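# Structural features, examined
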Amino acid sequence: MARILITEDEDSLRIFVARALRLDGHETVEAADGAQGLETLLEGEFDLLLSDIRMPVMDGIELAHRAADAHPNLKILLMTGYAEQRERAEDLAEKIIDVVAKPFSLPDIRTAVARALAA
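Rules of the game
Residues numbered from 1 in each chain as written. Predicted model: local features only at pLDDT ≥ 70, side-chain atom pairs only at ≥ 80, totals over all residues. Heavy atoms only, no water. Buried < 20%, exposed > 50% of the residue type's maximum accessible area, 1.4 Å probe, protein only. Helix = DSSP H or I, 4+ residues; strand = E, 2+ residues; numbered from the N terminus. Pairing = 2+ DSSP bridges. Right-handed = clockwise from strand over helix to strand, strands pointing away. Axes fitted to C-alpha atoms, helices over the stretch in contact; angles between N-to-C directions. Contact = heavy atoms within 4.5 Å. UniProt positions renumbered as here; feature names shortened; annotations may be inferred. Polar contact = N/O pair within 3.5 Å; in protein donor to acceptor, adjacent residues only side chain to side chain.

Strand β3 (residues 48-52) sits mainly inside the fold: five of its five residues count as buried. Across the two faces of β3 the burial is the same, with Leu48, Leu50 and Asp52 and Leu49 and Ser51 all buried. Here strand β1 (residues 3-7) pairs with β3 via four bridges, running parallel. Residue Ile4 lies in a different strand from β3, and its bridge partner there is Leu48. Tracing the backbone out of β3, into helix α3 (residues 60-70) and back to the parallel element strand β4 (residues 75-80) gives a crossover that is right-handed.

What follows is about the sheet that holds β3. Taken in spatial order, the five strands of this open sheet run β2-β1-β3-β4-β5, and their pairing is parallel. With one partner strand each, in any of the chains shown, β2 (27-31) and β5 (98-101) form the two edges of the open sheet. Here the average twist between neighbouring strands, direction ignored, is 20 degrees. Those strands touched by helix α2 (residues 34-43) are β1, β2 and β3, and its axis lies near 160 degrees from that of β1. Helix-sheet contacts for helix α5 (residues 106-118) involve β1, β3, β4 and β5, and the interaxial angle to β4 is about 155 degrees.

In this structure's numbering, the residues bearing the UniProt feature "modified residue: 4-aspartylphosphate" (unreviewed entry) are Asp52. Inspection of the secondary structure puts Asp52 in strand β3. The contacts of Asp52, once residues within four sequence positions are left out, are Thr7, Glu8, Asp9, Gly60, Met79, Thr80 and Lys102.

This part is about the environment of Gly44. Mapped onto the elements of the fold, Gly44 is located in the loop between α2 and β3. Residue Gly44 is classed as buried on the basis of its relative accessible area of 18%. Separated by 55 residues in sequence, Gly44 and Val99 place their C-alpha atoms 24 Å apart.

This paragraph deals with the side chain of Arg14. Its location among the elements puts Arg14 in helix α1 (residues 11-23). For Arg14, a relative accessible area of 9% gives the class buried. Of note is the side chain of Arg14, whose polar atom sits 3.3 Å from the side chain of Glu30. Those residues in contact with Arg14, other than ones at most four positions away along the chain, are Ile6, Glu8, Asp9, Glu30, Ala31 and Ala32.

Here it is in structure tokens:
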């Protein structure tokens, strides 16, 4: 299965997503903001970055740019509950697989991750 970095500043959502993905057999590593996520990415190999867009310290857009530059083969899936944030991700079209709208259900995020990993 895949090794997935989940970068989300909302603790309950990050834990919920990590638990769901572990049930699918994936290994998950968690980060509470983009800066911590980038540091974690630079320390190890991951198959997928699953990141919120709107976070303190470093947002998911900047994290996605830096992650794609450092790891060109890394698959990136973003999450957001804000329409304007989704539009900001358009310049990442060649670097990310998709943007998942929040709120999402457990089957929604599991399906999005499975599609991203298969892409």
